[in-house]
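# Coordinate analysis (summary)
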Protein chains: 2
Amino acid sequence: MSTRHRHGKAAHDVAALHTEAASRLAAVGQRFTSNRRLLVDALARADHPLSIPELLEATGDVAQSSAYRNLSVLERAGVVAKVVTNDEWARYELTEDLTGHHHHLVCGSCGAVRDVVVPGDVEADLDRALAVLAKREGFELQHHRLDLVGVCKKCS
Amino acid sequence: MSTRHRHGKAAHDVAALHTEAASRLAAVGQRFTSNRRLLVDALARADHPLSIPELLEATGDVAQSSAYRNLSVLERAGVVAKVVTNDEWARYELTEDLTGHHHHLVCGSCGAVRDVVVPGDVEADLDRALAVLAKREGFELQHHRLDLVGVCKKCS
DNA sequence: ATGAGTGCAAAGGCTTTGCATTAGG
DNA sequence: CCTAATGCAAAGCCTTTGCACTCAT
């Protein structure tokens, strides 16, 4: 367990992840090409959202423009999500229904972002409270984003 | 009450806000100039984070470069905070110790951002849980950001 | 007078797009 | 074959910076 990736669901199996990604791409009339597989695999390997430079390095031989274009396609297909944390670069991660719901530890000093899972009961309480709040505000709530901002171990 | 701004603390009084802003600017060796006052007042009037274009319009006659530069100064002084919501423009708001802790309703359709206050007990529970989590992760927690993402009343 | 602040214009840097080439079905 | 995908280079767009002018102390 401790050596396994923290993610559950489909993502614990690379083959299943590929199947799911291909399926979602097909649903919007897109193919699961080798570049897109490289990107998805790199994101699956990481335990935190990756920036474009990180993705280019992790995938090895993908053109920058292709990375941007494919991430956009994967985003439309519901396979990846863009994360913005602060003002630096955009970061990308697999969607939560592939990796499980999680939040981010954002280091205000070095900008590093790490995934973190909040206890289920806390999430449940929060979801309940936010649902009430959204209803009161006439807002159709889809999901929430919770970032913990502070200083990471390395920077302190 | 219903016709007043929802913010409490120092911000309920423009004079107090100015005094506080001037004081914080002075603390970092900066002046409270007319342009900075225009920016602060515009942010105080709004009940949501403002983008640069919105700020330029709200302030009337401030050069774009001055807006960026002054917002940067005000950010360093701890008077304003930059908010990034999604991938669009950067938005700015007064810091939470001036306006009170709040969160954001982010419309995924039109990009609008509106401030919202979560019930105190929910915040308290959340703070407690996050503190435990941060400690376990060796992360020095400073604050949290919670966005409610969905579709606003106007877009649904 | 003297340094900070301002505004215009130019430069930067991440991201997007045009276009010819390549590859997958 | 034929359309989609790729990669290089050029263009876009928000943001930052250089520089001369103005204002406040």
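This text follows the structure it describes.
Presented here is a report on the structure given in the accompanying data block. (Residues numbered from 1 in each chain as written. Chains lettered and ligands numbered in written order. Predicted model: local features only at pLDDT ≥ 70, side-chain atom pairs only at ≥ 80, totals over all residues. Heavy atoms only, no water.)

To continue, consider the protein's contact with DNA strand D. Near DNA strand D there are 18 residues, and of these Gln30, Ser66 and Asn70 of chain A together with Tyr68 and Trp89 of chain B occur at the shortest range. Take Arg36 of chain A: an N or O atom from its side chain is 3.0 Å from a phosphate oxygen of DNA strand D. Ala63 of chain A places a polar main-chain atom, nitrogen or oxygen, 3.3 Å from a phosphate oxygen of DNA strand D. At the level of elements, helix H2 (34-45) and helix H4 (64-76) of chain A together with helix H4 (64-76) of chain B are the ones that each hand at least two residues to the surface near DNA strand D. Class assignment of the residues belonging to the surface near DNA strand D gives a composition of five nonpolar, eight polar and five charged. (Near = heavy atom within 4 Å. Polar contact = N/O pair within 3.5 Å; in protein donor to acceptor, adjacent residues only side chain to side chain. Helix = DSSP H or I, 4+ residues; strand = E, 2+ residues; numbered from the N terminus. Nonpolar A, V, L, I, M, F, W, Y, C, P; charged D, E, K, R; others polar.)

Here we take up the interface of chain B and chain A. Opposite the 35 residues of chain B that make contact, chain A presents 35 residues. Interface area for chain B against chain A, summed over the two sides, is near 3300 Å², with a carbon-plus-sulfur share of 64%. Looking at the side of chain B facing chain A, the largest losses of area belong to Phe139, Arg145 and Val149 of chain B, adding up to 21% of the total buried there. Where chain B meets chain A, there are four salt bridges. For Asp147 of chain B, the salt bridge goes to Arg145 of chain A, with nearest N and O atoms at 3.1 Å. Between the two partners, chain B and chain A, sit twelve residue pairs in polar contact (both at pLDDT 80 or more). Those elements that provide at least two residues to the side of chain B that touches chain A are strand E4 (103-107), strand E5 (113-116), helix H6 (120-136) and strand E6 (140-151) of chain B. Considering every element that reaches the side of chain B that touches chain A, the biggest residue donor is E6 of chain B, with twelve residues. Looking at the side of chain B that touches chain A residue by residue, the class counts come to 19 nonpolar, eight polar and eight charged. With eleven bridges connecting them, strand E6 (residues 140-151) of chain A and E6 of chain B associate as antiparallel partners. Note on E6 of chain B: the bridge partner recorded for Val151 of chain A is Glu140 of chain B. (Contact = heavy atoms within 4.5 Å. Buried area = accessible area lost by both parts, 1.4 Å probe. Salt bridge = Lys/Arg side-chain N within 4 Å of Asp/Glu carboxyl O. Pairing = 2+ DSSP bridges.)

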